[in-house]
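Tertiary structure, described
The chain contents come next:
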There are 2 protein chains.
Amino acid sequence: MAPRKQEILEATIAYLLKHGLADLSLRPLAAAAGTSARLLIYHFGSREQLLAEVLDALHSRLRESFAEVSAREEHEPPLRTFWNWATSRRNFRSLRLLYELQILAAQNPDTYGRYLTRNSRDWVELVRAALPPAERTDAMATLFVAVFDGLFLELMSTGDRKRTTAALDEFIRVVRRARSSGTRAKRGDRDVS
Amino acid sequence: MAPRKQEILEATIAYLLKHGLADLSLRPLAAAAGTSARLLIYHFGSREQLLAEVLDALHSRLRESFAEVSAREEHEPPLRTFWNWATSRRNFRSLRLLYELQILAAQNPDTYGRYLTRNSRDWVELVRAALPPAERTDAMATLFVAVFDGLFLELMSTGDRKRTTAALDEFIRVVRRARSSGTRAKRGDRDVS
DNA sequence: CGTTACATGTAACGTTTGTTACATGGCACC
DNA sequence: GGTGCCATGTAACAAACGTTACATGTAACG
């Protein structure tokens with residue numbers, strides 16, 4: 001990719017992370033990026049394609065970043081690791097943007113549906129596979145994903161990291177206690193809580 | 001309120017429930033409502049005020065509807081009652097619209113922040129008060145709200161009511177099991193699970 | 001030096017945006 | 001029957017939208 005185009009893409013990502021994508025328009029974006037609407041179209045072809053490239057770049061960056069973190073961390077429950085990663089200064093705004101995209105796509109799929117590569121069903125499958133066998137159900141996996149989504153939403157709205165993190169820990173604790181009172185999971189099983 | 005204005009407001013609500021509010025504009029709305037952009041402004045003063053009145057009406061309707069339902073139902077855990085109510089044919093689209101508003105407001109408060117009467121903190125407080133004393137903590141209340149939000153989000157995205165409802169029931173079950181293995185709550189306590 | 005390719009600036013295109021000016025309709029009241 | 005008031009239609013406004021036409025720059029290559 002041309003270096004100038006790369007710069008513009010970088011600036012666009014920064015702009016979107018700050019302003020969201022609901023009311024994006026070319027001229028203000030261009031001004032913030034130190035260029036002109038003319039050049040945005042020149043380099044990307046259209047506004048649509050610009051959006052597509054930006055969101056693709058975001059996705060692959062997040063995938064990469066998470067793979068790196070999740071391979072390194074071993075001393076925490078994976079759900080907790082994922083939370084730390086998602087709420088870190090580096091990734092929070094990106095995740096927030098993806099949640100906005102998710103909601104807009106749910107409201108009108110015609111406009112935003114095509115950008116949705118983060119398929120909910122895939123996440124649930126991924127989490128399900130990481131659960132201990134006794135809990136490896138759709139319901140349980142869906143619940144885990146929902147807890148994460150809900151807490152992230154709450155964090156977005158209130159900015160209260162302490163309380164939301166405490167709630168996540170509470171969830172992990174509740175699941176552990178339920179485990180010890182119901183069907184026993186084999187000791188040493190890796191699981192996402 | 002003038003009856004014509006009432007009709008327009010009704011049609012606007014229907015339109016918003018169908019199309020979302022991210023890309024609302026007067027002329028298409030007016031066409032769908034069988035009137036003209038001219039009259040929207042005439043009756044409501046401005047686009048902003050129209051939106052404000054519509055969202056106010058939505059809020060009070062939902063409050064009313066929920067009060068009615070929650071007073072009637074006694075045989076279920078309140079969280080379950082709330083879920084049934086929120087996902088019913090009658091209320092689902094309204095809730096979805098409010099979630100969209102919530103996210104847009106979190107992304108740019110300058111544009112949408114003023115419409116946010118559904119303060120997250122208030123919900124948490126409400127839920128907290130309904131919890132049995134042993135669990136009456138911020139963390140637990142936040143967790144309950146998050147589970148609901150997350151599951152509703154998942155329902156919005158996938159439409160899979162069966163799976164999300166099963167996940168909610170799973171959550172209720174997990175909390176019960178944790179209760180019976182940890183500090184005992186007094187029998188007969190009303191609580192939101 | 002001339003040519004060629006890419007990058008950029010200026011200005012405009014046609015649409016759509018929210019909003020307004022102005023005229024006209026119908027209906028009630030004196 | 002005239003007089004106002006509320007409702008509505010037509011048309012326009014200025015601004016912003018995504019996009020394009022056209023001209024100009026700059027640098028590399030023969």
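Not measured: the values here are computed from a predicted model.

Regarding the overall build of chain A
Across its full length, chain A holds 10 helices and 0 strands. In sequence order, the secondary structure elements of chain A are arranged as α-α-α-α-α-α-α-α-α-α. Over its C-alpha atoms, taken along the principal directions, chain A stretches across nearly 65 × 30 × 30 Å. The buried share of chain A, reckoned over its 193 residues, is 51%. For chain A, contacts bridging at least 24 residues in sequence account for 62% of all contacts bridging at least 6. Of the roughly 9400 Å² of accessible surface on chain A, 52% is carried by carbon and sulfur atoms. Between the averaged position of the 30 positive side-chain charges in chain A and that of its 24 negative side-chain charges there is a distance of 3 Å.

Topic: the relation of the copies chain B and chain A
Expressed as a screw operation, the relation of chain B to chain A combines 0.0 Å of axial shift with a rotation of 180°, fitting to an RMSD of 0.0 Å. The relationship between the two copies is best expressed as a two-fold rotation axis. Same-surface contact between copies: 100% of interface residues of chain B are shared with the interface of chain A.

Points about the protein's contact with DNA strand D
If you check the shell around DNA strand D, you find 16 residues, and the closest are Ser25, Leu26, Arg27 and Arg47 of chain A together with Arg38 of chain B. When the atoms of DNA strand D within 4 Å of the protein are sorted by group, sugar and phosphate make up 45%. A distance of 2.9 Å is found between a phosphate oxygen of DNA strand D and a backbone nitrogen or oxygen belonging to Leu26 of chain A. His43 of chain B places a side-chain nitrogen or oxygen 3.4 Å from a phosphate oxygen of DNA strand D. When contributions to the surface near DNA strand D are tallied by element, the ones reaching two or more residues are α2 (26-33) and α3 (37-44) of chain A together with α3 (37-44) of chain B. Split by residue class, the surface near DNA strand D holds 7 nonpolar, 3 polar and 6 charged.

Looking at the environment of Ala106 of chain A
As for its placement among the helices and strands, Ala106 of chain A is situated in helix α6 (residues 92-107). C-alpha of Ala106 of chain A to C-alpha of Thr12 of chain A: the two residues are 94 residues apart in sequence and 24 Å apart in space. For Ala106 of chain A, the residues in contact, after removing those within four places along its chain, are Arg96 and Met156 of chain B.

Describing the confidence of the model for chain A
Mean pLDDT over chain A: 91, with 94% of residues reaching 70 or higher. Of all helices and strands in chain A, the one with the weakest mean pLDDT is helix α8 (residues 120-130) of chain A (89), whereas helix α9 (residues 138-158) of chain A scores best (97).

Details of the interface of chain B and chain A
On the side of chain A, 50 residues touch chain B, which itself brings 50 residues to the contact. The junction of chain B with chain A conceals about 4000 Å² of combined surface from both sides, 65% of it contributed by carbon and sulfur atoms. Among the residues of chain B in contact with chain A, Ile103, Gln107 and Arg163 of chain B are the three that bury the most area, contributing 17% of the side total. Between Arg121 of chain B and Asp160 of chain A there is a salt bridge; the shortest N-O distance is 4.0 Å. Connecting chain B to chain A are 10 residue pairs in polar contact (both at pLDDT 80 or more). Those elements that provide at least two residues to the side of chain B that touches chain A are α1 (3-19), α6 (92-107), α8 (120-130), α9 (138-158) and α10 (161-181) of chain B. The element that contributes the greatest number of residues to the side of chain B that touches chain A is α9 of chain B, accounting for 16 residues. Of the residues assigned to the side of chain B that touches chain A, the class counts are 22 nonpolar, 16 polar and 12 charged.

Regarding the packing of α9 of chain A against α9 of chain B
In contact at an axis separation of 6 Å, α9 of chain A and α9 of chain B are set at 110° when each is read in the N-to-C sense. Between α9 of chain A and α9 of chain B, the crossing angle belongs to the class labelled roughly perpendicular. Residues Thr142, Leu143, Val145, Ala146, Val147, Asp149, Gly150, Leu151, Leu153 and Glu154 of chain A of α9 of chain A lie in contact with α9 of chain B, whose contacting residues are Thr142, Leu143, Val145, Ala146, Val147, Asp149, Gly150, Leu151, Leu153 and Glu154 of chain B. The residue makeup of the contact of α9 of chain A with α9 of chain B, split by class, is 12 nonpolar, 4 polar and 4 charged.

Details of the nonpolar core
Membership of the largest hydrophobic core comes to 74 residues, with the highest contact counts inside it found for Phe144, Phe152 and Phe171 of chain A together with Phe144 and Phe171 of chain B. Those residues in contact with Phe171 of chain B, other than ones at most four positions away along the chain, are Leu143 and Phe171 of chain A together with Leu79, Leu143, Phe144 and Val147 of chain B. Leu40, Leu50, Leu58 and Tyr112 of chain A belong to the second-largest nonpolar core, a separate cluster that totals 52 residues.

Some thoughts on the protein's contact with DNA strand C
Near DNA strand C there are 15 residues, and of these Tyr42 of chain A together with Ser25, Leu26, Arg27 and Arg47 of chain B occur at the shortest range. Among atoms of DNA strand C positioned within 4 Å of the protein, sugar and phosphate together represent 40%. Side-chain polar atom of Ser25 of chain B to a phosphate oxygen of DNA strand C: 2.5 Å apart, as the coordinates give it. Between DNA strand C and the protein, one listed contact pairs a base nitrogen with a side-chain N or O atom of Arg27 of chain B at 2.6 Å. The greatest single-element share of the surface near DNA strand C, amounting to 4 residues, is contributed by α3 of chain A.

Here's the deal with a positive patch on the surface
Residues and elements named next belong to chain A. Together, Lys18, Arg89, Arg93 and Arg161 make up a region of like positive charge exposed at the surface. Looking at the secondary structure, you find Lys18 in helix α1 (residues 3-19). Relative accessible area serves as the criterion here: at 55%, Lys18 is assigned to the exposed category.

About the thresholds
Residues numbered from 1 in each chain as written. Chains lettered and ligands numbered in written order. Predicted model: local features only at pLDDT ≥ 70, side-chain atom pairs only at ≥ 80, totals over all residues. Heavy atoms only, no water. Helix = DSSP H or I, 4+ residues; strand = E, 2+ residues; numbered from the N terminus. Buried < 20%, exposed > 50% of the residue type's maximum accessible area, 1.4 Å probe, protein only. Contact = heavy atoms within 4.5 Å. Areas by Shrake-Rupley, 256 points an atom, 1.4 Å probe, with all protein chains shown as cover. Lys, Arg positive; Asp, Glu negative; His and termini not counted. Charge placed at Lys NZ, Arg CZ, Asp CG, Glu CD. Least-squares fit on C-alpha atoms with pLDDT ≥ 70 in both. Near = heavy atom within 4 Å. Polar contact = N/O pair within 3.5 Å; in protein donor to acceptor, adjacent residues only side chain to side chain. Nonpolar A, V, L, I, M, F, W, Y, C, P; charged D, E, K, R; others polar. pLDDT = per-residue confidence, 0-100. Buried area = accessible area lost by both parts, 1.4 Å probe. Salt bridge = Lys/Arg side-chain N within 4 Å of Asp/Glu carboxyl O. Axes fitted to C-alpha atoms, helices over the stretch in contact; angles between N-to-C directions. Parallel < 35°, antiparallel > 145°, perpendicular 65-115°, else oblique. Core = buried A, V, L, I, M, F, W, Y, C linked by side-chain atoms within 4.5 Å. Patch = residues over 30% accessible without salt bridge, like charges linked within 9 Å, V, L, I, M, F, W, Y side chains within 5 Å.

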